[in-house]
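# Residue-level structural notes
Okay, here's what each chain looks like letter by letter:
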Amino acid sequence: MDKSKNDLQRKLILALSISINLGLLFYFKYSNFFIENVNAISSVFGINSIHWTKLILPLGISFFTFETITYVVDVYRRTLKPLKNFWDYQLYIILFPKLIAGPIIRYHEISDQITNREHNETIDNRLTGFFRFVLGLAKKVLIANVMGQVADEVFALNYNEISSYTAWIGILAYTFQIYFDFSGYSDMAIGIGKMLGFRFPENFDNPYISKNITEFWTRWHISLSKWLRIYIFLPLAFSFSRKLPKEKYIHIKSEQWIYMYAALITFFCCGLWHGASWSFVLWGLYYGVFLILEKIFLLKVYKKLGKFLSTVLTFLLVIIGWVFFRIEKLSDTFVFIKRMFAFEFKYDFYFNREFITILFIAIFFAFFAYSEKGKKIQLMIYGDNYSMKRYYFMSFVSLLLLILSVSSITGSGFNPFIYFRF
């Protein structure tokens, strides 16, 4: 494809490559979902159902499919030359720290490091990479797992019988579990990559301090947001804008129609990418609708409310969104949300002291960068320019967290990362 001067031939090769990649993803990830829905429709019309052996989802298929597509597209656009060595290509695709759950690294972000990492292979990078790895491990083991245990207990209850108090504690536990679980994994991947001489892009930037949903998606799973924007949203918006005259339709500008069209399809794909179920699709569309509302008028409302109230409101919307993400059955999702807003705050579930303590710690660190001082401290920890004093301090903190994390792991059962299943 890179050597060809025939545009049609290049486009055909690109289409073939993307089709194969998406075809494999569809086969392994969505065929069960597709057959289930076809059978459900068939049963309405009295048609015999299709017999299908359920497939097991290969680990991390969504992540390496997206990375394979970025490679092909970057080569097609001649942004970069293709890799000359087959094993270099394999290194890019199956680089183990980010293989299973990201960050999703676009080819041009790492292409120069595939063949030469000498300038990154320093003692400083190995040490700061180790610090980053341990911070991620502590997030996962000391915070996310504790939150996850309570979330699992609450979501295993009969939703019709739980009080609003239990429903809110359960979804709050899940809200902090998924953040510290996934950002912890990303920290570990970035840390291991740094120790090996790679510089991976950041995947999280304090998402819960966002003042609106638009900002939230620039801070949450950043590598996926960028991928969706570059490879789905922008091409859709561009192609639609060429067909739509610049006029108003139903008192709405053509630019806003273009945004609505592209945002809804992009977030439909975002939801479907996370899982083959209607609850994930609805979760994606939920965000798509709020992005559109913000584009039309909500951002002005947030501005009038001020920083604090808009942050609280955004956090509340994100919490409600996690209900769709956590509960697979749609009817149960709405029952759970109904219980959240039933305002029956009776104490019908016991939460132990460990959970309450870790919940406050989770809240503290999730909103730590809300203040300017918190941001500065965070930059000092996650930055590169360490003084000797800071090295000593972080070495002590890292060793302490490592001992606590390993102790916790040995005293508990297997607890996989949430995003492994995507």
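Scroll up for the structure.
Residues numbered from 1 in each chain as written. Predicted model: local features only at pLDDT ≥ 70, side-chain atom pairs only at ≥ 80, totals over all residues. Heavy atoms only, no water.

This part takes up the overall build of the protein. Helix and strand content of the protein: 16 helices and 2 strands. Relative to its length of 422 residues, the protein is compact, with a C-alpha radius of gyration of 23 Å against a globular reference of 22 Å. When burial is assessed residue by residue, the protein has 48% of its 422 residues classed as buried. In the protein, the share of contacts with a sequence separation of at least 24, taken over all contacts with a separation of at least 6, comes to 76%. Of the accessible surface of the protein, which amounts to about 22200 Å², a share of 66% is contributed by carbon and sulfur atoms. Separation between the mean location of the 45 positive side-chain charges and that of the 29 negative ones in the protein comes to 7 Å. (Helix = DSSP H or I, 4+ residues; strand = E, 2+ residues; numbered from the N terminus. Rg over C-alpha atoms; globule rule 2.2 N^0.38 Å. Buried < 20%, exposed > 50% of the residue type's maximum accessible area, 1.4 Å probe, protein only. Contact = heavy atoms within 4.5 Å. Areas by Shrake-Rupley, 256 points an atom, 1.4 Å probe, with all protein chains shown as cover. Lys, Arg positive; Asp, Glu negative; His and termini not counted. Charge placed at Lys NZ, Arg CZ, Asp CG, Glu CD.)

This next bit is on the pattern of salt bridges. Under the definition given, this model contains 12 salt bridges. Through salt bridges with shared partners, a single network forms among Arg132, Lys139, Asp187 and Glu202. (Salt bridge = Lys/Arg side-chain N within 4 Å of Asp/Glu carboxyl O.)

The phi angle at Arg78 is positive, at roughly 60 degrees, despite the residue not being glycine. In the Ramachandran plot, Phe343 falls in the positive-phi region, its phi being about 55 degrees despite a non-glycine side chain. In this fold, Phe343 is placed in the loop between helix 13 (330-340) and helix 14 (353-366). Residue Phe343 is classed as exposed on the basis of its relative accessible area of 58%.

With that settled, consider a nonpolar patch on the surface. A contiguous nonpolar patch, built from Ile296, Phe297, Val301, Leu305, Phe308, Leu309, Val312 and Leu313 and spanning about 660 Å² of accessible area, is present on the exposed surface. Broken down by secondary-structure element, the contributors of at least two residues to the nonpolar patch are helix 11 (278-305) and helix 12 (307-326). (Patch = residues over 30% accessible without salt bridge, like charges linked within 9 Å, V, L, I, M, F, W, Y side chains within 5 Å.)

Further remarks concern the packing of helix 2 (residues 61-76) against helix 3 (residues 86-94). Running from amino to carboxyl end, helix 2 crosses helix 3 at an angle of 135 degrees, the nearest separation of the two axes being 9 Å. Overall, the two elements helix 2 and helix 3 adopt an arrangement that is oblique. Here helix 2 contributes Phe64, Glu67, Thr68, Thr70 and Tyr71 to the contact with helix 3, which in turn contributes Tyr89, Tyr92 and Ile93. Of the residues that constitute the contact of helix 2 with helix 3, the class distribution is 5 nonpolar, 2 polar and 1 charged. (Axes fitted to C-alpha atoms, helices over the stretch in contact; angles between N-to-C directions. Parallel < 35°, antiparallel > 145°, perpendicular 65-115°, else oblique. Nonpolar A, V, L, I, M, F, W, Y, C, P; charged D, E, K, R; others polar.)

Let's shift gears to the nonpolar core. In this structure, Ile171, Phe176, Tyr208, Trp220, Trp322 and Phe336 are the most contacted members of the largest nonpolar core, which totals 95 residues. Counting residues per element, this core draws most heavily on helix 7 (residues 164-196), at 13 residues. Here Phe176 is in contact with Met147, Tyr208, Phe315, Leu359, Ala362, Ile363, Ala366 and Phe367, once residues within four sequence places are set aside. Within the second largest apolar cluster, 12 residues are counted, among which are Phe133, Val134, Val141 and Tyr391. (Core = buried A, V, L, I, M, F, W, Y, C linked by side-chain atoms within 4.5 Å.)

This part takes up the side chain of Lys29. Locating Lys29 in the fold gives a position in helix 1 (residues 7-44). Despite its burial, Lys29 remains without a salt bridge, the nearest opposite charge being carried by Glu328 at 12 Å. A polar side-chain atom of Lys29 sits 2.5 Å from a polar atom in the side chain of Ser62. (Polar contact = N/O pair within 3.5 Å; in protein donor to acceptor, adjacent residues only side chain to side chain.)

Attention now moves to the environment of Phe63. The residue Phe63 is located in helix 2 in this model. What makes Phe63 buried here is its relative accessible area of 0%.

The final tally for this structure, using the stated rule, is 59 aromatic pairs. With centroids separated by 5.2 Å and ring planes inclined at 85 degrees, the aromatic side chains of Trp322 and Phe325 adopt a geometry described as edge-to-face. Residue Trp322 and its partner Phe325 are located together in helix 12, separated by 3 residues, close to a single helical turn. Of the two residues, Trp322 and Phe325, both sit in the buried class. Across from the ring centre of Tyr370, 4.4 Å away, lies the NZ or CZ of Lys307, which sits over that ring. (Phe/Tyr/Trp six-rings, centres within 6.5 Å; stacked < 30°, edge-to-face > 60°. Lys NZ or Arg CZ within 6 Å of the ring centre and 35° of its normal.)

Before going further, it helps to spend a moment on the side chain of Glu294. With respect to the element layout, Glu294 can be found in helix 11. Put simply, Glu294 is tucked away with no salt bridge, and the nearest opposite charge, on Lys295, sits 10.0 Å away. Within polar-contact distance, the side chain of Glu294 engages the side chain of Tyr302 at 3.4 Å. Here Glu294 is in contact with Asn212, Ile213, Thr214, Leu299 and Tyr302, once residues within four sequence places are set aside.

Let us look at helix 2. Compared with the 22 Å implied by 1.5 Å per residue over 16 residues, the 22 Å span of helix 2 between its first and last C-alpha is a close match. The element helix 2 is largely enclosed, with a buried count of 15 among its 16 residues. (Expected span 1.5 Å × (residues − 1).)

Its place among the elements puts Phe345 in the loop between helix 13 and helix 14. Distance from Phe345 to Trp168, taken between C-alpha atoms, is 9.6 Å for residues 177 residues apart in sequence.

A surface patch of like charges, here positive, comprises Lys248, Lys253, Lys300 and Lys304. Structurally, Lys248 can be placed in strand 1 (residues 248-249).

For helix 7, built from 33 residues, the straight-helix expectation of 48 Å at 1.5 Å per residue is met to within 8% by its first-to-last C-alpha distance of 48 Å. Burial of helix 7 is extensive: 29 of the 33 residues sit out of reach of the surface. Where helix 7 ends, the next residue or the one after it, Gly197, has phi of about 100 degrees, a positive value.

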